[in-house]
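Examination of the molecular architecture
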Amino acid sequence: MDALVGVITQSLILGVMVLGVYISYKILDFPDMSVDGSFSLGGAIIAVSLKSGLSPITGCLLAIAGGLVAGLLTGILNVKLRISNLLSGILVMGILYSVNLRIMGKANIALFNTNHIFKSGSSSIIISLAIIAVCKILLDLFLKTGLGYTLKAVGDNSQMVQSLGIEVGKIKILGLMISNGLVSFSGCIMAQYQGFSDVSMGMGTLVLGIACVIIGESFISKIFKTKETSIIILGTILYQLVIYIALNAGLTSTDLKLITSFIIILFLSLGDLKKPVFKQKISILRRGAYVKN
């Protein structure tokens, strides 16, 4: 039971990261590789902040600020210097790896003896639930504003938005800043929960985030008719539960990338099976088989 609670808690913390990936990947159609570095950046900043005697709240705010700067850098490379989406993210990811090492001074920092948000006396799952709820509500409110609708429009049809006299580049940079800010905040919370920060803790963040988005949209959305942000969070929980079951079935942690790939393929297939076009093709094939017989 304790292990299951731990899985749910980690899912809620990672849900904040997935909300960030949702902005860049789904809304902006921007596969932002820099989130791998932003996740570790959040962990690095909170670790050094707590070791320096700063409060956990201050450390979390600094981690968010660091993520905003990372997103700003990615946006500038893409918008101002005309570097492609993928390459600009890869470049910033490489930069952040060195920056994180410079911030931490070593590959990892233990936080077991420091005062952090999970040492407040409250249950870890309650704290995580409160954090993801606040992030979700704030993001939902933002997406309902004029700026939020403009952000969605830029991802759907940037040429149309540009024809209205809106500077698309600035909107894209803003979206990347919010995305990386959320990812860095998630890394900050995860470092406090697991009790240490590691320079490579963000490895595979983008793939994990995309997997959760795909699961939410291709499977959860068919069961629950609710906001996309809620669907994404439920997709994250389901993904982590599948990983937990797979590991308990005998697979090892070295198989995680293999498991992730199979999970994505599985849920994409399930999503296709429920599409009307797919069902129509099946019906045609069945009628053809009937005529032959």
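The coordinates are above.
The structure presented is a predicted model; accordingly, all values stated were derived computationally and were not measured.

Counting secondary structure elements, the protein contains 12 helices and 2 strands. From first element to last, N terminus to C terminus, the protein shows the α and β order α-α-α-α-β-α-α-α-α-β-α-α-α-α. Relative to a compact globule of 293 residues, whose C-alpha radius of gyration would be 19 Å, the protein shows 20 Å and is just as compact. Considered along the principal axes of its C-alpha atoms, the protein spans approximately 80 × 55 × 30 Å. The buried share of the protein, taken over its 293 residues, is 47%. Taking contacts inside the protein between residues at least 6 apart in sequence as the whole, the part at least 24 apart equals 77%. Within the structure as shown, the protein displays about 14600 Å² of accessible surface, and the carbon and sulfur contribution to it stands at 66%. The protein carries 23 positive and 12 negative side-chain charges, and their two centres are separated by 5 Å.

This paragraph deals with the nonpolar core. Within the largest apolar cluster, 73 residues are counted, with the highest numbers of intra-cluster contacts made by M17, I131, I189 and Y239. Per element, the largest residue contribution to this core is 11 residues, and it comes from helix α1 (residues 2–27).

A full pass over the atoms with the stated rule returns 1 aromatic pair. Between F118 and Y193 the ring centres are 5.4 Å apart and the planes differ by 65°, which places this aromatic pair in the edge-to-face class. Of this pair, F118 sits in the loop between β1 (108–110) and α5 (124–143) while Y193 sits in helix α8 (residues 168–194), placing them 75 residues apart in sequence. Residue F118 is classed as buried on the basis of its relative accessible area of 11%.

What follows is about the side chain of T236. Within the element layout of this structure, T236 appears in helix α10 (residues 228–248). If we ignore the near neighbours within four places in the chain, the residues touching T236 are S11, L14, G15, V18 and C212.

Its boundaries defined by the atoms lining it, the largest pocket holds a volume of some 820 Å³. As for the largest pocket, its lining consists of 29 residues, of which L14, M203, L208, Q240 and L256 are closest to the centre. For the lining of the largest pocket, the element with the most residues is α1, which contributes 6 residues. By volume, the second largest pocket is sized at about 500 Å³. In terms of lining, the second largest pocket is formed by 20 residues, of which the most central are I64, C135, L138, L182 and F185. For the lining of the second largest pocket, the secondary-structure elements that each account for two or more residues are α3 (56–80), α5 and α8. In terms of residue class, the lining of the second largest pocket is built from 19 nonpolar, 1 polar and no charged.

In this section: the environment of G43. In this fold, G43 is placed in helix α2 (residues 35–51). Considered as a pair, G43 and C188 are 145 residues apart in the sequence and their alpha carbons are 4.4 Å apart. The contact partners of G43, leaving out residues within four places of it in the chain, are G187, C188, A191, S197 and M201.

Before going further, it helps to examine unusual backbone geometry. In this model, D29 sits at a positive phi of 55°, which is unusual for a non-glycine residue. Take D29: it is sitting in the loop between α1 and α2. Positioned with a positive phi, R82 is a non-glycine residue whose angle comes to about 60°. According to the relative accessible area criterion, R82 is exposed, its value standing at 72%.

Within this structure, the stated rule accounts for 3 salt bridges. Across the pair K170 and E167 runs a salt bridge whose closest N-O atoms are separated by 3.7 Å. Residue K170 is classed as exposed on the basis of its relative accessible area, which comes to 55%.

Our focus in this paragraph is helix α9 (residues 205–223). Along an α-helix, a turn takes 3.6 residues, which lines up residues three or four apart on a common side. The end-to-end C-alpha distance of α9, which contains 19 residues, comes to 26 Å, matching closely the 27 Å that a straight helix rising 1.5 Å per residue would cover. G216 marks where α9 bends most, by close to 35°. The buried fraction of α9 is high, at 14 of 19 residues.

Looking now at the packing of α5 against α8. Here α5 crosses α8 at 175°, and the two axes come no closer than 12 Å. The pairing of α5 with α8 is recorded here as roughly antiparallel in orientation. Every residue of α8 that contacts α5 at S124, I131, C135 and F142 is listed here: L174, I178, L182, F185, I189 and Y193.

Attention shifts here to the environment of G89. By the element assignment, G89 lies in helix α4 (residues 85–104). Taking the C-alpha atoms as reference points, G89 and L77, 12 residues apart in sequence, are found 8.6 Å from one another.

So, how was this worked out
- Counting restarts for each chain: residues are numbered from 1 in the order of the written sequence.
- Side-chain atom pairs in this predicted model are given and counted only at pLDDT of 80 or more, local residue features only at pLDDT of at least 70, and totals for whole chains, interfaces and linings cover all residues.
- For side-chain calculations, the full set of non-hydrogen atoms in the structure is used, while hydrogens and water are omitted.
- Each helix corresponds to a stretch of at least 4 residues labelled H or I by DSSP, and each strand to a stretch of at least 2 residues labelled E; elements are numbered beginning at the N terminus.
- Our radius of gyration is a C-alpha quantity, and the globule rule it is checked against amounts to 2.2 Å times the number of residues to the power 0.38.
- The rule is simple: take the accessible area with a 1.4 Å probe, protein chains only, and divide by the maximum for that residue type; under 20% is buried, over 50% is exposed, in between is partly exposed.
- The contact definition used throughout considers only heavy atoms, calling two residues in contact when any of these lie within 4.5 Å.
- Accessible areas in this description were obtained via Shrake-Rupley with a 1.4 Å probe; residue shielding takes into account the shown protein chains only.
- The positive count covers Lys and Arg only, the negative count covers Asp and Glu only, and His and the chain ends enter neither.
- A single reference atom marks each charge: NZ on Lys, CZ on Arg, CG on Asp, CD on Glu.
- Among the buried residues, those of types Ala, Val, Leu, Ile, Met, Phe, Trp, Tyr and Cys that are joined through side-chain atoms within 4.5 Å form a nonpolar core.
- The criterion for an aromatic pair is that two Phe, Tyr or Trp rings (for Trp, the six-membered ring) have centres within 6.5 Å, with stacked assigned to planes under 30 degrees apart, edge-to-face to planes over 60 apart and tilted to the rest.
- Grid spacing is 1 Å over the protein atoms alone, the probe is 1.4 Å, and a cavity is where that probe fits but cannot get out, while a pocket is an open set with protein on both sides within 12 Å along at least five of seven lines and lining residues have an atom within 4 Å of a point.
- Grid points are joined across faces, edges and corners, and a volume is the space filled by probe spheres set on the points.
- Each residue gets one label: Ala, Val, Leu, Ile, Met, Phe, Trp, Tyr, Cys and Pro are nonpolar, Asp, Glu, Lys and Arg are charged, and the others, such as Gly, are polar.
- Counted as salt bridges are all cases of a side-chain nitrogen of Lys or Arg within 4 Å of a carboxyl oxygen of Asp or Glu.
- A helix is expected to span 1.5 Å multiplied by its residue count minus one.
- A residue's bend is the angle separating two fitted axes: one through the seven residues that end there, the other through the seven that start there.
- In this description, a line fitted to the C-alpha atoms serves as the axis of each element, helices being fitted only across the stretch in contact, and the angle between N-to-C directions of two axes falls anywhere from 0 to 180 degrees.
- Any angle between 65 and 115 degrees counts as roughly perpendicular, while under 35 counts as roughly parallel, over 145 as roughly antiparallel, and the rest as oblique.

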